[in-house]
Amino acid sequence: MSLRIALCAGETSGDQLGAGLIEALRAHFPDAEFAGIGGDAMRAAGMDTWFDASELAVMGLAEVLAHLPRLLKLRRTFRQRVLDWKPDVFIGIDAPDFNLGVERWLKQRGVRTVHDVSPSVWAWRESRAAKIAASADRVLCLFPMEPPIYARLGVDAVFIGHPLADAIPLQPDRAAARHALGEASDAPLLALLPGSRLGEITRMLPTFLEAARLLQADVPGLRLLIPAANAQCRAAIDAIVGDAPAMRVLDGNAQRAMIASDVVLLASGTAALEAMLCKRPMVIGHRISGLTYAIVKAFGLLKSAHVSLPNVLAGETLVPELLQDDCTPANLHAALLRWFRDADAVEALQPRFLAIHETLRRDASARAADAVAGLVGTPA
């Protein structure tokens, strides 16, 4: 009987990570079967998707509460199906609020478990690191500051690097990206990435657009590029932007749009890391629901001085973070205008971004597959 590997990924970023991991695992286990929750990329890599990754794409404490009954039912159904399938290992990819519960339940029933992408224990509820040991036999960490936190608590954690750092060239080709998008080589470009969740788009894009309109008055000829993660996001974006001039909504192509742009305005998340790897100056603008923000403040849940990965990895403020009440069109406009007018500041970012990129470039999918294979006990 061939090896069986169950996986669960939420959102586009998890789906991409899962696809790379599946391909790398085939080098160890050519005849393995893969099944679970995933998206288009994992399906293309050969996984049988019982449920689509989009069903887990919910962010924020208040937002999760609204979807809690559905998510709990999905988790019960999914974990039992995994157990009945009798996998050799279960790999939860990101989505910790969903996956850690599944992992813990399966581990208690004798299934080996891996959690790929450590929860942000450096930023949120560091005490979770100790509890993760009850869920995962091994934790795969994308960032170098994470394993030492786990080591203090006796949790098996491995730094594998980040797949995006492997995929993006150390020196991205802006001219080629502009040519591929059909944009002029000398036109000022601003990429807007309001998020890949519908709630983020409706909450953030109007503010981003107002900031961009203010910027267009100061930067003659400024064009806007707005990549849409999928068809649903495209529909939401189109409904907000209408037929605004000097603006293009793209189907996908987020990375190409970032490389082509002069500056990126984005919501915090993986996109900030991607913009850094693309070596583009950026401004982080983000708001969460009022209830979620009140809970975070009341219980002191945010432990990091920064929320965006470029600043966290640098240990200092390299790029502006305008959060919650500070995330206004006027503030975003002022921060963006600085990058367009201060070439020396943009130039100073480049070696810092490059050094972080090199630290994260570790052939992550292969390292993750090695870690899984070592746990399963089958030699490569």
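Quick note: structure is the one above.
How each quantity is defined
Residues numbered from 1 in each chain as written. Predicted model: local features only at pLDDT ≥ 70, side-chain atom pairs only at ≥ 80, totals over all residues. Heavy atoms only, no water. Helix = DSSP H or I, 4+ residues; strand = E, 2+ residues; numbered from the N terminus. Buried < 20%, exposed > 50% of the residue type's maximum accessible area, 1.4 Å probe, protein only. Contact = heavy atoms within 4.5 Å. Areas by Shrake-Rupley, 256 points an atom, 1.4 Å probe, with all protein chains shown as cover. Axes fitted to C-alpha atoms, helices over the stretch in contact; angles between N-to-C directions. Left-handed = near helix turned anticlockwise from the far one by under 90°. Nonpolar A, V, L, I, M, F, W, Y, C, P; charged D, E, K, R; others polar. Phe/Tyr/Trp six-rings, centres within 6.5 Å; stacked < 30°, edge-to-face > 60°. 1 Å grid on protein atoms, 1.4 Å probe; cavity = no way out; pocket = protein on both sides within 12 Å on 5 of 7 lines; lining within 4 Å. Points joined across faces, edges and corners; volume = space filled by probe spheres on them. Core = buried A, V, L, I, M, F, W, Y, C linked by side-chain atoms within 4.5 Å. Expected span 1.5 Å × (residues − 1). Pairing = 2+ DSSP bridges. Salt bridge = Lys/Arg side-chain N within 4 Å of Asp/Glu carboxyl O. Parallel < 35°, antiparallel > 145°, perpendicular 65-115°, else oblique.

Caption draft 1: Geometry of the overall build of the protein chain. A tally of regular secondary structure across the protein chain gives 17 helices and 13 strands. Judged by the C-alpha coordinates and their principal axes, the protein chain covers about 65 × 45 × 40 Å. Put simply, the protein chain has 380 residues, and 54% of those count as buried. Sequence separation of 24 or more characterises 65% of the internal contacts of the protein chain that already satisfy a separation of 6 or more. Split by element, the accessible area of the protein chain, about 15,900 Å² in all, is 53% carbon and sulfur.

Caption draft 2: Expanded view of the packing of helix α9 (residues 198-218) against helix α10 (residues 231-241). Here α9 crosses α10 at 35 degrees, and the two axes come no closer than 10 Å. The handedness of the crossing between α9 and α10 is right-handed. Touching Leu198, Ile201, Thr202, Leu205, Pro206 and Leu209 of α9 are Gln232, Cys233, Ala236, Ile237, Ile240 and Val241, all from α10. Partitioned by chemical class, the residues of the contact of α9 with α10 number 10 nonpolar, 2 polar and no charged.

Caption draft 3: Examining the packing of aromatic side chains more closely. In total, this model carries 5 aromatic pairs according to the counting rule given. Taking 6.4 Å as the distance between ring centres and 35 degrees as the angle between the ring planes, the aromatic pair formed by Phe78 and Phe98 counts as tilted. Placement of Phe78 in helix α3 (residues 61-85) and of Phe98 in helix α4 (residues 96-107) is noted, with a sequence separation of 20 residues between them. For the residue pair Phe78 and Phe98, the accessibility class agrees, reading buried in each case. Here a set of aromatic residues connected by ring pairs shows up, and it is made of Trp50, Phe51, Phe78, Trp85, Phe90 and Phe98.

Caption draft 4: Representation of empty space enclosed by the protein within the structure. Taken as a whole and judged by the stated rule, the model has 1 cavity of 30 Å³ or more. Lining the largest cavity we find Leu17, Leu21, Asp116, Leu142, Ile160, Pro163, Ala364, Ser365 and Ala368. Examining the composition of the lining of the largest cavity, we find that 3 residues originate from one element, helix α17 (residues 364-376), more than from any other.

Caption draft 5: Spatial organisation of the nonpolar core. Of all hydrophobic cores here, the largest spans 101 residues; its most connected members are Ile5, Leu7, Ile91, Leu190 and Met282. Leaving out residues up to four positions away in the same chain, Met282 has contacts with Val263, Val264, Leu266, Ala272, Ala275, Met276, Pro310, Val319, Pro320, Trp339 and Phe353. Counting residues in hydrophobic clusters, the runner-up holds 19 residues, among them Leu74, Ala95, Phe98 and Trp105.

Caption draft 6: Up close: helix α16 (residues 343-360). Here α16 spans 26 Å end to end across 18 residues, near enough to the 26 Å set by a 1.5 Å rise per residue. Turning to α16, its buried residues are Ala345, Val346, Leu349, Phe353, Ile356, His357 and Leu360. Against the buried residues of α16 lie α7 (163-167), α12 (270-277), β12 (282-286), α14 (309-314) and α15 (329-341).

Caption draft 7: Representation of the pairing of strand β5 (residues 113-116) in the model. Burial along β5 is two-sided: the residues Thr113 and His115 and Val114 and Asp116 are all buried. Relative to β5, strand β4 (residues 89-93) is paired through 4 bridges, and the arrangement is parallel. The residue of β5 that forms the bridge with Ile91 is Val114. The sheet contact formed by β5 and strand β6 (residues 138-141) spans 3 bridges and is parallel. If you follow His115 over to β6, its bridge partner there is Val139.

Caption draft 8: The pattern of salt bridges, seen in detail. Counted under the stated rule, the structure contains 14 salt bridges. Salt-bridge contacts for Arg43 lead to Asp40; the nearest nitrogen and oxygen are separated by 2.6 Å. You can see Arg43 and its partner Asp40 sitting in helix α2 (residues 40-44), 3 residues apart, about one turn around the helix. Between Glu183 and Arg223 there is a salt bridge, with its nearest N and O atoms 2.7 Å apart. Of this pair, Glu183 sits in the loop between α8 (174-181) and β8 (189-193) while Arg223 sits in strand β9 (residues 223-228); the two residues are 40 residues apart in sequence, bridging distant segments of the chain. Exposure remark for Arg223: the relative accessible area of 24% places this residue in the partly exposed category.

Caption draft 9: Examining the sheet that holds β5 more closely. With parallel pairing, 7 strands are arranged side by side in an open sheet as β3-β2-β1-β4-β5-β6-β7. Each end of this open sheet is capped by a strand with a single partner; those strands are β3 (48-52) and β7 (157-159). Looking at each pair of strands side by side, their axes are set apart by 15 degrees on average, direction ignored. The sheet strands contacting helix α1 (residues 11-28) are β1 (4-9), β2 (33-38), β4 and β5, and the helix crosses β1 at an angle near 160 degrees.

Caption draft 10: Spotlight on the packing of α9 against α15. For the pair α9 and α15, interaxial distance at closest approach is 8 Å and the crossing angle is 45 degrees. In terms of orientation, α9 and α15 fall into the oblique class. The handedness of the crossing between α9 and α15 is right-handed. Here α9 contributes Thr207, Phe208, Glu210, Ala211, Leu214, Leu215 and Asp218 to the contact with α15, which in turn contributes Pro329, Ala330, Leu332, His333, Leu336, Leu337, Phe340 and Arg341. Across the contact of α9 with α15, the residue classes break down as 10 nonpolar, 2 polar and 3 charged.

Coordinates in, geometry out; function isn't part of it.
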